[in-house]
Number of protein chains: 2
Amino acid sequence: MISKANVIYTGQYCQLSRDELVAMVEKSMSQKRFKHVLGVEEMALSLAKLNGESLEKASIAALAHDYAKERPDEEMQKLIREKQFDLELLRFGNQIWHGIVGAYLVQQELSVTDEDILTAIRLHTTGAKEMSLLAKIIYVADYVEVGRSFPGVEQSRQLALSDLDAAVAYETEHTLLHLIKQKALIYPKTIETYNQWVSQK
Amino acid sequence: MISKANVIYTGQYCQLSRDELVAMVEKSMSQKRFKHVLGVEEMALSLAKLNGESLEKASIAALAHDYAKERPDEEMQKLIREKQFDLELLRFGNQIWHGIVGAYLVQQELSVTDEDILTAIRLHTTGAKEMSLLAKIIYVADYVEVGRSFPGVEQSRQLALSDLDAAVAYETEHTLLHLIKQKALIYPKTIETYNQWVSQK
């Protein structure tokens, strides 16, 4: 396990110190979700170390990824309308918004300026056809962090640690199957993620 | 069962007689597929009668729906490039092309002029967010015709005869699950069909 104390915030990606960022994030959500966020940071740091990504970027992206998860729907809908987001988003809910619209709030309110971090947050619920190393790390860490429990979680955690791309595929496939089982709306970009990372023909 | 002899071809949708259309279709495919096509016609006529659709349109659309299924890939790729189809189609195969591009060939070579029939052929493998009664009939008849055998086929046949919209949903859900199980590419419009007909939230 990587001690968070070893992660140095240089100020080049976010103007807050880690303590300030943690405090802002904690204030924005329930304790249960905050615990999840710390779990995602821990897993993201492990994946960053294994795959040669900046620990600082992994820490910031992980801590901020669910920053907008508990915003009122009305606020998110207003942002979608006023900030030129794709209006198709209005058919969906916060499950999709908190990544895509959340990245905007992270930039505005948490002073995160790095585009790679913002994109990783933007894509963390849907994935994408093209994903940076950091985006893959946040997408996967969110799915397999230590607090998660679902059938096969241990297997997918091992996969994450041994083969990040295979973990992206595993998560995408199982998320889609879960959504269909629930008869939930599917965000169209999820299919682009599937076609890129899961489909073999 | 509706006798095909009762279906009168008036010439308003297709300039061929039924015998001429059947002969053209039979010449374009294997005997196995031709048998399937006749099964789809029979089921489409039953569904048309049950749902108040024109038997003539159902017969023409069913007979012509797989007309391009055995065209060489090179010919279909050339049409996609030359006839202003979405070039994204090139990522897919004849499984998708024979509906979308096939409708063009049906219009050109089988003298089918009716837009509702052509759209039903165009959409028969992917479905769509908006489907006419005829499009639903062809989509469902293709899935449950008498020659089909898969786990649950009898149940889905009964559903088709009792509730056409529910059969559209059933087929869409199970086709998607099947594609994911096969790790096959998913045509993005299939998700619009799913979101419209299957998703409940």
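Heads up: these notes are all about the structure in this document. (Residues numbered from 1 in each chain as written. Chains lettered and ligands numbered in written order. Predicted model: local features only at pLDDT ≥ 70, side-chain atom pairs only at ≥ 80, totals over all residues. Heavy atoms only, no water.)

This part is about the relation of the copies chain B and chain A. Superposition of chain B onto chain A requires a rotation of 180° combined with a translation of 0.0 Å along the rotation axis, giving an RMSD of 0.0 Å. Within this description, the copies of the chain are treated as partners about a two-fold rotation axis. Same-surface contact between copies: 100% of interface residues of chain B are shared with the interface of chain A. (Least-squares fit on C-alpha atoms with pLDDT ≥ 70 in both. Contact = heavy atoms within 4.5 Å.)

Summarising the element assignment, alanine 166 of chain B is placed in helix H10 (residues 164-181). Note on alanine 166 of chain B: relative accessible area 25%, which makes it partly exposed. (Helix = DSSP H or I, 4+ residues; strand = E, 2+ residues; numbered from the N terminus. Buried < 20%, exposed > 50% of the residue type's maximum accessible area, 1.4 Å probe, protein only.)

For the rest of this paragraph, the subject is the packing of aromatic side chains. Residue and element names in this part refer to chain B. Applying the stated criterion across every chain, the model contains six aromatic pairs over all chains. Consider the rings of phenylalanine 92 and tyrosine 187, whose centres lie 5.1 Å apart with planes at 85°: the pair is edge-to-face. In this pair, phenylalanine 92 sits in the loop between helix H4 (73-82) and helix H5 (94-100) while tyrosine 187 sits in the loop between H10 and helix H11 (189-197), placing the two residues 95 residues apart along the sequence. Relative accessible area serves as the criterion here: at 7%, phenylalanine 92 is assigned to the buried category. Using a relative accessible area of 11% as the deciding quantity, one classes tyrosine 187 as buried. Where tyrosine 143 meets phenylalanine 150, the ring centres are 4.9 Å apart and the plane angle is 45°; that geometry is what we call tilted. Residue tyrosine 143 is classed as buried on the basis of its relative accessible area of 16%. The class for phenylalanine 150 is partly exposed, based on a relative accessible area of 24%. (Phe/Tyr/Trp six-rings, centres within 6.5 Å; stacked < 30°, edge-to-face > 60°.)

Okay, helix H2 (residues 31-51) of chain A next. Residue and element names in this part refer to chain A. Between its first and last C-alpha, H2 extends 30 Å over 21 residues, near the 30 Å set by a 1.5 Å rise per residue. Among all positions in H2, only Phe34, His36, Val37, Gly39, Val40, Glu41, Met43, Ala44, Leu45, Leu47 and Ala48 are buried. Positive backbone phi, approximately 75°, marks glycine 52, located one or two places after H2. (Expected span 1.5 Å × (residues − 1).)

What follows concerns the interface of chain B and chain A. Of the residues lining the interface, 20 residues belong to chain B; the matching set on chain A comes to 20 residues. Where chain B abuts chain A, roughly 2,000 Å² becomes buried across the two surfaces, and 56% of that area is made up of carbon and sulfur atoms. Where chain B touches chain A, the interface holds two salt bridges. In this structure, lysine 183 of chain B and glutamate 173 of chain A form a salt bridge, with 2.6 Å as the shortest nitrogen-oxygen distance. At the junction of chain B with chain A, the criterion picks out 12 residue pairs in polar contact (both at pLDDT 80 or more). Those elements that place two or more of their residues in the side of chain B that touches chain A are H10 and H11 of chain B. Grouping the constituent residues of the side of chain B that touches chain A by class yields 12 nonpolar, four polar and four charged. (Buried area = accessible area lost by both parts, 1.4 Å probe. Salt bridge = Lys/Arg side-chain N within 4 Å of Asp/Glu carboxyl O. Polar contact = N/O pair within 3.5 Å; in protein donor to acceptor, adjacent residues only side chain to side chain. Nonpolar A, V, L, I, M, F, W, Y, C, P; charged D, E, K, R; others polar.)

Enumeration according to the criterion identifies 24 salt bridges over all chains in this entry. Between lysine 136 of chain A and aspartate 165 of chain A there is a salt bridge, with the nearest N and O atoms lying 2.9 Å from each other. Taken together, the residues lysine 136 of chain A in helix H8 (residues 133-144) and aspartate 165 of chain A in helix H10 (residues 164-181) connect sequence positions 29 residues apart. On the basis of relative accessible area, lysine 136 of chain A is assigned to the buried category, the value being 13%. Of the charged contacts in the structure, one is a salt bridge between glutamate 41 of chain B and arginine 18 of chain B, with a shortest N-O distance of 2.8 Å. Here the residue glutamate 41 of chain B occupies a position in helix H2 (residues 31-51), and arginine 18 of chain B occupies one in helix H1 (residues 18-27), the gap between them amounting to 23 residues. As far as the burial class goes, glutamate 41 of chain B and arginine 18 of chain B line up, both buried.

Read these as layout, nothing more, since geometry by itself doesn't imply function.
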